[in-house]
Each structure stands twice: as structure tokens, then as C-alpha cells.
Amino acid sequence: MFVLGIQGSPRKNGNCDHLLTLFLKACESHGAITRVIHPEKLDVGPCRELLVCEKKGVCPIRDEMEKKGYSLVKKADVVVLASPVFFYNVTAQAKVFIDRCQMFWGRKYKLRLKDPDGYSRQGFLLSVGASGGKRLFEGVELTAKYFFDAISADYAGSLTYRNVEDAGDILPRPELAEQIQDAAKHLLTPMLMKKSILFVSNKDACLSQMAAAFLKDAVKGRMLVLTAGMDAAKAVDPDMARVMAEKNLDLKYRVPQSLDGVLAGMDKDPHRVIFIGLKDTTPDLSCANVETWDIVTPQIPSLEAFRTLRDEIELRVKTEFSRL
Ligand SMILES: Cc1cc2nc3c(=O)[nH]c(=O)nc-3n(C[C@H](O)[C@H](O)[C@H](O)COP(=O)(O)O)c2cc1C
């Protein structure tokens, strides 16, 4: 389970900083691996409304968003947005990051691509404000909801606190620890209860990525479907992403992890592991159900070869999991 926090406050050791740290610690106590993005510290500029994302599905602005933003959002099972209220909305720092996620909006709504992880990804909001008005969090909540929708995450809820002004004001609240523990438990427990299946293939993990995407699309979040390469890949194979986009499945930016990395992020062994195209080189795993799919990969990779592989894998997934 990977939980990504976006710390939108520019204030170090401020209220959102504390809230997010406590929330992520609670997630870690349930076995999650966590990471925090500080938009303030990233070299990420605002959206310039070039609209390239709506036509081509990519952002032409060359900064740190691609490597330190998009791929982490795509990897996340849970995205936690933490921002204080600044003029009845999120901070400018958080908003820059959110606006640049218009790229995901373009892929989803203009190019009609479906993120296979969108069936299970969750979004959660943490916010504070100095005043006490009834409508204090309306702007922040609306922005968070539409941000989560763009990144294909379901809005799972929020913890918001009024009358919080000076750094650290949030900490003495007696209700805080219990509310955070409850929210993290409520968010993660259903995910941890799911049956899990892990696909593993060779470097770049193209075969396992494709199989996992077809299965995720079929089970619609009812199972935890994971994918790994024998080694960590540096980037998504563009040809693989392209042939999967022809099936309306969006795998761009979803960089595959290594087998060791995926297993380290799980609190228990996967229920089933399927090695694809690794006939003689499968490692020994302690998991109960390990099997292999003998899919022959072409010597010379080409788009046409990828399409054939994709169709073969799609058929195999449909056949093997027809009862799901
Ligand atoms: C530029 C700016 C705008 C703010 N706007 C609001 C506001 O509209 N409503 C409100 O209740 N508090 C407002 N605040 C107060 C902050 O929300 C509050 O101090 C909060 O605790 C800061 O959180 P942090 O410590 O995580 O940065 C504003 C503060 C700043 C600096």
C-alpha cells in the first residue's frame, strides 16, 4: 500500500505539516509505505493553459512535475492532500500542483483513457483555518474533490479543523489522535482485506503491466492487483503504453517497481503470484500459489509485436479469471 501526502502549506512545522505527519504515521502503522511531496520545494511552475494535454495527453512544460509529481500520483493507492485555508481555498503552492494535474484530466476526459488503478485509488483531505465560519472549508473541499476526480481517486473524506492559526495550534486538540487513527483505519482496512494477486515479468515489466491492467479493469477494485518487474524499471515502455491506450487503458507514468520493492510494501504475502514469460528464471518465493504463464516474447520488439502480445495476454486474463 503506497500513501502519498501532498503538503500544501509553505510553513515548516505548521499545522498541516503536523497533521499530515500524524496521518501518514497512522497509515504506516497499518503497513503502508508513505511519501510526502512538498510542492513548495519542487521546481514546478503553474499550468500555462497550452492545452497540449487535452490533445496529446502530455504536458509540454519541462520541470520536475513529470518525475517527481505524475509518477508518484500514479503509483499512489491513497493521495492525502493537506492544505490550510488561504482566502477560502488551498494554498497557491498546492494549487500549482493541482492545476498541473490537468494533464490527467485531459487524458481521462478528452482522450477517454481509463486509469486501471482508478477503481481503487482513494483521496483524503486534511485542512485547517484560523476562523470559525460554517462555510470555511467549502472552497478547499470542492477543489479537493475535483482534483481527486482528475487523478482518478475516490473522495474518501476529510479531517478539517477551525480556529487553528499559529503554528502548532493543532497539536493540543484532545480529539486529534483518535480521529486520525480512525480515519486511517477506515481508509486502509478495506484495501488490506482484499485478495491480492501479483504479476511478475522481466525487465520493464511490460507483460505483467499489461496483465495487471486487464485484470484491474475486469475486477473493478474488488481485488488488489499488483505488478512487478524482476528489476525496477526507470520508465514506462512507451510502445507498451501506446498499445494499451489503443484499448483505452492508461498506463503512462505508472513506472513498474521491482519484485523486492513490491513485496516489501505488502504486510502479507500475495495470495497468488503469476510469473509471465520467465520460464527458467523464476525466483523461489514462499507464497502459496505460484504459477507461470509461458508467453513467448519476440526477439525484435515492434509495435505490431506488442499488439500481438497484448491480445494474447488479454485473452489469457479473460480465460483464467472468467469466473470473477
Ligand atoms: C495568505 C493567507 C491567507 C489566509 N486565509 C485564511 C482564510 O481565508 N480563512 C481562514 O480561516 N484562515 C486563513 N488563513 C490562516 C491560516 O489558514 C491558518 O493560520 C492556518 O493555521 C495555517 O496553517 P499551516 O500552519 O499549516 O500553514 C490565511 C493565512 C494566510 C497566510
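Residues numbered from 1 in each chain as written. Predicted model: local features only at pLDDT ≥ 70, side-chain atom pairs only at ≥ 80, totals over all residues. Heavy atoms only, no water.

Participant: Tell me about the site of the ligand, and please be specific about residues and values.
Facilitator: The full set close to the ligand counts 17 residues, and Ser9, Asn15, Val85, Ser131 and Val164 are the nearest of them. Phe87 is positioned such that a nitrogen or oxygen atom in its backbone is 2.8 Å from a nitrogen atom of the ligand. Between the ligand and the protein, one listed contact pairs an oxygen atom with a backbone N or O atom of Glu165 at 2.9 Å. In isolation the ligand offers 650 Å² of accessible surface; the protein chains occlude 77% of this area. (Near = heavy atom within 4 Å. Polar contact = N/O pair within 3.5 Å; in protein donor to acceptor, adjacent residues only side chain to side chain. Areas by Shrake-Rupley, 256 points an atom, 1.4 Å probe, with all protein chains shown as cover.)

Participant: An account of the packing of aromatic side chains is requested, with residue identities and associated values reported.
Facilitator: The full count for this structure, using the stated rule, is nine aromatic pairs. Here Tyr70 and Phe104 contribute two aromatic rings whose centre-to-centre distance is 5.3 Å and whose plane-to-plane angle is 80°, an arrangement assigned as edge-to-face. With Tyr70 in helix α3 (residues 65-75) and Phe104 in helix α5 (residues 102-110), this residue pair connects regions lying 34 residues apart in the sequence. Look at Tyr70 and you get buried, because its relative accessible area is 1%. Between the aromatic rings of Phe148 and Tyr155, the centroid separation amounts to 5.8 Å while the plane-to-plane angle is 25°, which identifies the pairing as stacked. A network of ring pairs unites the aromatic residues Tyr70, Phe104 and Tyr253 as a single cluster. Across from the ring centre of Phe2, 4.4 Å away, lies the NZ or CZ of Lys75, which sits over that ring. Sitting over the ring of Tyr253, Lys252 keeps its end group 4.9 Å from the ring centre. (Phe/Tyr/Trp six-rings, centres within 6.5 Å; stacked < 30°, edge-to-face > 60°. Helix = DSSP H or I, 4+ residues; strand = E, 2+ residues; numbered from the N terminus. Buried < 20%, exposed > 50% of the residue type's maximum accessible area, 1.4 Å probe, protein only. Lys NZ or Arg CZ within 6 Å of the ring centre and 35° of its normal.)

Participant: Let's hear about α3: which residues, and what values?
Facilitator: Considered for burial, the residues of α3 that qualify are Met65, Gly69, Tyr70, Ser71, Leu72, Val73 and Lys74. Along its buried surface, α3 packs onto β1 (2-7), β2 (33-37), α4 (92-100) and α5. (Contact = heavy atoms within 4.5 Å.)

Participant: Residue-level account of the pattern of salt bridges, with values.
Facilitator: Within this structure, the stated rule accounts for 23 salt bridges. Across the pair Arg173 and Glu175 runs a salt bridge whose closest N-O atoms are separated by 3.9 Å. Judged by relative accessible area, which is 30%, Glu175 ranks as partly exposed. Between Lys318 and Glu314 there is a salt bridge; the shortest N-O distance is 3.6 Å. Of this pair, Lys318 and Glu314 both sit in helix α11 (residues 303-320), separated by four residues, roughly a single helical turn. By relative accessible area, Lys318 is classed as exposed at 55%. Here Glu314 falls in the buried class, since its relative accessible area comes to 15%. (Salt bridge = Lys/Arg side-chain N within 4 Å of Asp/Glu carboxyl O.)

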